[in-house]
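The lines below spell out each chain.
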Amino acid sequence: RTHSVKPLEKLKAEDLPSRQFKYGTLETLDVVLRKRDLLTEKIEEEEILKFPYADQPEIYISSITNAILKRARVPGQFHKIVPIVKDYIESYLFDKKANISDEETLKKLNNAVVRKILLENFVNAINNLTTVMEEVEWSGEEVKASEIKPFAWSRKAIDTKKTILNLLPIENDFEAEVARFFDRAEDVLSFIKNDTRTLKLKIPYTDQSGFLRHYIPDFVVKTKSATFVVETKGREDVDVQFKDKRAKEWADFATKLTKQGWDYLRIDQKDFVGRVWHKFADLIS
């Protein structure tokens, strides 16, 4: 994947998520300075502080736009984004039209949750437009499990029959439970733990901040119908949706290039534990 700023011409305020907040019920926040006596700990004086955002909308718009550009990694596009940010705030962010020059609106915009959602909506929209998928080519070389060299492993390992390794390296108890299921499932032909010392399969993805990263799926499982890249998940992290999307795309590319069936499956601990599974196909259904 690469970034191209040219598609930013398609960015429109009306295409972003609308009606994110109810204007009338959204809390406005004042910044209060409290002077407290150090001995008695009693508050002697309170003063509501006024900041530039309260009477200078240009400063707020400039600040949030620069934050968006930094997070989305598209510098030099301020002049394109700033009018869209203003349009979105006034016409689509709330359940009613808002005037950004109004002091009450500016106080609502300074709410931390509003700033977070405003930032996320623009970063996601920009990433979706500017992240370009490049055509993937396959050299024709295959990575064979039979060519894995012996390696040291200090953590847990279990004895399984349907893997080429004499002992299967395991990261945690949930992985061990899933691996034992693979070993007894009647429709699993073979499987292996994916690691930098085994298959070394890394899938690139763009995280929520727009940075290119790689993650290593937990298993590769061969069934009677296809070969699956499998990720086990105990607690979901903030990037799980981006990992899932990219892994599915990777499987589609692999199917197209190898002319063999590939697919992706995420197994969540909360859905897996406590039930009796007999077939891998049951997980898919």
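Rules and cut-offs
- Residues numbered from 1 in each chain as written.
- Predicted model: local features only at pLDDT ≥ 70, side-chain atom pairs only at ≥ 80, totals over all residues.
- Heavy atoms only, no water.
- Axes fitted to C-alpha atoms, helices over the stretch in contact; angles between N-to-C directions.
- Helix = DSSP H or I, 4+ residues; strand = E, 2+ residues; numbered from the N terminus.
- Parallel < 35°, antiparallel > 145°, perpendicular 65-115°, else oblique.
- Left-handed = near helix turned anticlockwise from the far one by under 90°.
- Contact = heavy atoms within 4.5 Å.
- Phe/Tyr/Trp six-rings, centres within 6.5 Å; stacked < 30°, edge-to-face > 60°.
- Buried < 20%, exposed > 50% of the residue type's maximum accessible area, 1.4 Å probe, protein only.
- Expected span 1.5 Å × (residues − 1).
- Polar contact = N/O pair within 3.5 Å; in protein donor to acceptor, adjacent residues only side chain to side chain.
- Pairing = 2+ DSSP bridges.

Enquirer: I tried to follow the packing of helix H2 (residues 78-91) against helix H4 (residues 112-130) on my own but got confused; where do I start?
Expert: Relative orientation and spacing of two packed helices are given, respectively, by the angle between their axes and the distance between those axes. Contact geometry for H2 and H4: axes closest at 12 Å, N-to-C directions at 130°. One element, H2, and the other, H4, form an angle in the oblique class. You can see that H2 and H4 cross each other, and the crossing is right-handed. Contact residues: H2 offers Ile81, Ile84, Val85, Tyr88 and Ile89, while H4 offers Leu118, Asn121, Phe122 and Ile126.

Enquirer: Before we go on, may I ask you to explain the packing of aromatic side chains in this structure?
Expert: The geometry of an aromatic ring pair comes down to the distance between the two centres and the angle between the two planes. In this structure the tally under the stated criterion is 13 aromatic pairs. Ring centres 5.3 Å apart and planes at 85° place the aromatic pair Tyr23 and Phe94 in the edge-to-face group. Residue Tyr23 is found in the loop between strand E1 (2-3) and strand E2 (31-36), and its partner Phe94 is found in the loop between H2 and helix H3 (103-109); the two are separated by 71 residues along the sequence. The residues Tyr23 and Phe94 share a single accessibility class, namely buried.

Enquirer: Please clarify how H4 should be interpreted in this entry.
Expert: Along an α-helix, residues three or four positions apart point the same way, because every turn accommodates 3.6 residues. Between its first and last C-alpha atoms H4 spans 27 Å; for 19 residues at 1.5 Å apiece the expected length is 27 Å, and the two agree. All of the buried residues in H4 are Val114, Ile117, Leu118, Leu119, Asn121, Phe122, Val123, Ala125, Ile126, Asn127 and Thr130. Sitting at the amino-terminal end of H4 is Asn111, which places a side-chain oxygen 2.9 Å from the backbone nitrogen of Val113.

Enquirer: What is the right way to read the pairing of strand E10 (residues 219-223) from this model?
Expert: Within a regular strand, side chains alternate between the sheet's two faces. E10 sits mainly inside the fold: four of its five residues count as buried. When E10 meets strand E11 (residues 227-233), the two strands line up antiparallel, connected through four bridges. The residue of E11 that forms the bridge with Val221 is Phe228. Connecting E10 to the antiparallel partner E11 that follows it, the hairpin turn spans three residues.

So yeah, pure geometry; function would need other evidence.
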